[in-house]
Amino acid sequence: GAFALQFIPTGFLRDLVPVMLIAVALYFVFAPNLSDEPRRHLMSSTMHGLVIGSCLGFYEGFFGPGFGALLAMSYVGLLGYGIKKATAHTKFLNFVGNASSLLVYLATSQALIKIGLIMAIGQFCGATLGARVAIKHGARVIRPLLVVMCCAMALKLLWQ
């Protein structure tokens, strides 16, 4: 996804990002209820890694926002995890996705190191806070927060 992103005009991306953020927010508004209770799995871990991992990995490199939440939803819906376990499993993969994108940008001389470091610090702080909130409050807080943040980012980008 990060590699493909380099071939798309900036103006197109500027228009696409708010639309995608709103789409992610709408998905979470209408997605089935999240639960902390484990459910029956619909897919093997291997198949999940190959199919969902590939699709969401591309999404993470190309777009990014909502990746962790979408991955957590796939763990809940397809692997039967409770939302706390699913959220915990997404943290490392979110880091791997960000690190992979960084490697692509470094290899193609597209990395903005200072901005990236500031964003990495913000991502670390947000992930730490988010994990604590998820552990303490569970599913009832995760969905509304995700919808609010996606809408806030979309509105900020549309305002600009």
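Let me sum up the structure you'll find in this document. (Residues numbered from 1 in each chain as written. Predicted model: local features only at pLDDT ≥ 70, side-chain atom pairs only at ≥ 80, totals over all residues. Heavy atoms only, no water.)

## With respect to helix 3 (residues 45-62)
Point 1. Under the 1.5 Å per step criterion, the end-to-end length of helix 3 is 24 Å for 18 residues, consistent within 8% with the ideal 26 Å.
Point 2. Along helix 3, the sharpest kink reaches roughly 35°, centred on G53.
Point 3. Within the sequence span of helix 3, burial applies to H48, I52, L56, Y59, E60, G61 and F62. (Helix = DSSP H or I, 4+ residues; strand = E, 2+ residues; numbered from the N terminus. Expected span 1.5 Å × (residues − 1). Bend = angle between axes of the 7 residues up to and from the residue. Buried < 20%, exposed > 50% of the residue type's maximum accessible area, 1.4 Å probe, protein only.)

## Considerations on the packing of aromatic side chains
Point 1. Applying the stated criterion across every chain yields a total of one aromatic pair.
Point 2. Centre to centre, the rings of Y75 and Y81 are 5.1 Å apart; their planes meet at 5°, and the pair counts as stacked.
Point 3. You can call Y75 buried: its relative accessible area is 9%.
Point 4. For Y81, a relative accessible area of 15% puts it in the buried group.
Point 5. The ring of Y81 carries K85 above its face, with NZ or CZ at 4.3 Å from the centroid. (Phe/Tyr/Trp six-rings, centres within 6.5 Å; stacked < 30°, edge-to-face > 60°. Lys NZ or Arg CZ within 6 Å of the ring centre and 35° of its normal.)

## Some thoughts on the nonpolar core
Point 1. With 30 residues, the main nonpolar core has F28 and Y59 as its most contacted residues.
Point 2. For this core, the elements supplying multiple residues, two or more each, are helix 2 (10-30), helix 3, helix 4 (67-79), helix 5 (83-107) and helix 7 (139-159).
Point 3. Element by element, the count of residues in this core is highest for helix 4, at nine residues. (Core = buried A, V, L, I, M, F, W, Y, C linked by side-chain atoms within 4.5 Å.)

## Here's the deal with the packing of helix 5 against helix 6 (residues 113-137)
Point 1. At a minimum axis separation of 10 Å, helix 5 and helix 6 run at an interaxial angle of 175°. On the basis of the axis angle, helix 5 is roughly antiparallel to helix 6. Taking contact as the criterion, the partners of K84, T87, K91, N94, N98 and L106 in helix 5 are, on helix 6, I113, Q123, A127, A131, A134 and I135.
Point 2. A breakdown of the residues in the contact of helix 5 with helix 6 according to their chemical character gives six nonpolar, four polar and two charged. (Axes fitted to C-alpha atoms, helices over the stretch in contact; angles between N-to-C directions. Parallel < 35°, antiparallel > 145°, perpendicular 65-115°, else oblique. Contact = heavy atoms within 4.5 Å. Nonpolar A, V, L, I, M, F, W, Y, C, P; charged D, E, K, R; others polar.)

## Quick notes on the side chain of E60
Point 1. Secondary-structure assignment places E60 in helix 3.
Point 2. Other than its neighbours up to four places away in sequence, E60 contacts F67, N94, G97, N98 and S101.

## Regarding a nonpolar patch on the surface
Point 1. A cluster of nonpolar side chains, contributed by I22, L26, V29, F30, L155 and L158, occupies part of the molecular surface with about 620 Å² of accessible area.
Point 2. For the nonpolar patch, the secondary structure elements donating two or more residues are helix 2 and helix 7.
Point 3. In terms of residue count, helix 2 provides more of the nonpolar patch than any other element does, four residues in total.
Point 4. Position of L26 among the secondary structure elements: in helix 2. (Patch = residues over 30% accessible without salt bridge, like charges linked within 9 Å, V, L, I, M, F, W, Y side chains within 5 Å. Areas by Shrake-Rupley, 256 points an atom, 1.4 Å probe, with all protein chains shown as cover. Salt bridge = Lys/Arg side-chain N within 4 Å of Asp/Glu carboxyl O.)

## Observations concerning the layout of surface pockets
Point 1. Considering only enclosed or pocket space, the second largest pocket measures out at about 220 Å³ in volume.
Point 2. Forming the walls of the second largest pocket are 19 residues, and the residues nearest its centre are G53, L56, G57, F67 and L93.
Point 3. Contributing elements (two or more residues each) for the lining of the second largest pocket: helix 3, helix 4 and helix 5.
Point 4. Here the lining of the second largest pocket takes eight residues from helix 3, the largest share from any one element.
Point 5. Grouping the amino acids of the lining of the second largest pocket by side-chain chemistry returns nine nonpolar, nine polar and one charged. (1 Å grid on protein atoms, 1.4 Å probe; cavity = no way out; pocket = protein on both sides within 12 Å on 5 of 7 lines; lining within 4 Å. Points joined across faces, edges and corners; volume = space filled by probe spheres on them.)

## Focus: helix 2
Point 1. Relative to the 30 Å expected for 21 residues at 1.5 Å per residue, helix 2 spans 30 Å between its end C-alpha atoms, a close match to the ideal helical length.
Point 2. The largest bend along helix 2 measures about 25° and falls at L16, with the proline P18 one to four residues further on.
Point 3. What helix 2 keeps buried is the set L13, P18, M20, L21, V24, A25 and F28.

## Examining the side chain of S74
Point 1. Relative to the helices and strands, S74 resides in helix 4.
Point 2. Under the relative-accessibility criterion, S74 is labelled buried at 8%.
Point 3. One polar contact links S74 to H48, side chain to side chain, over a distance of 2.8 Å. (Polar contact = N/O pair within 3.5 Å; in protein donor to acceptor, adjacent residues only side chain to side chain.)

The quantities given are spatial measurements derived from coordinates; they are silent on function.
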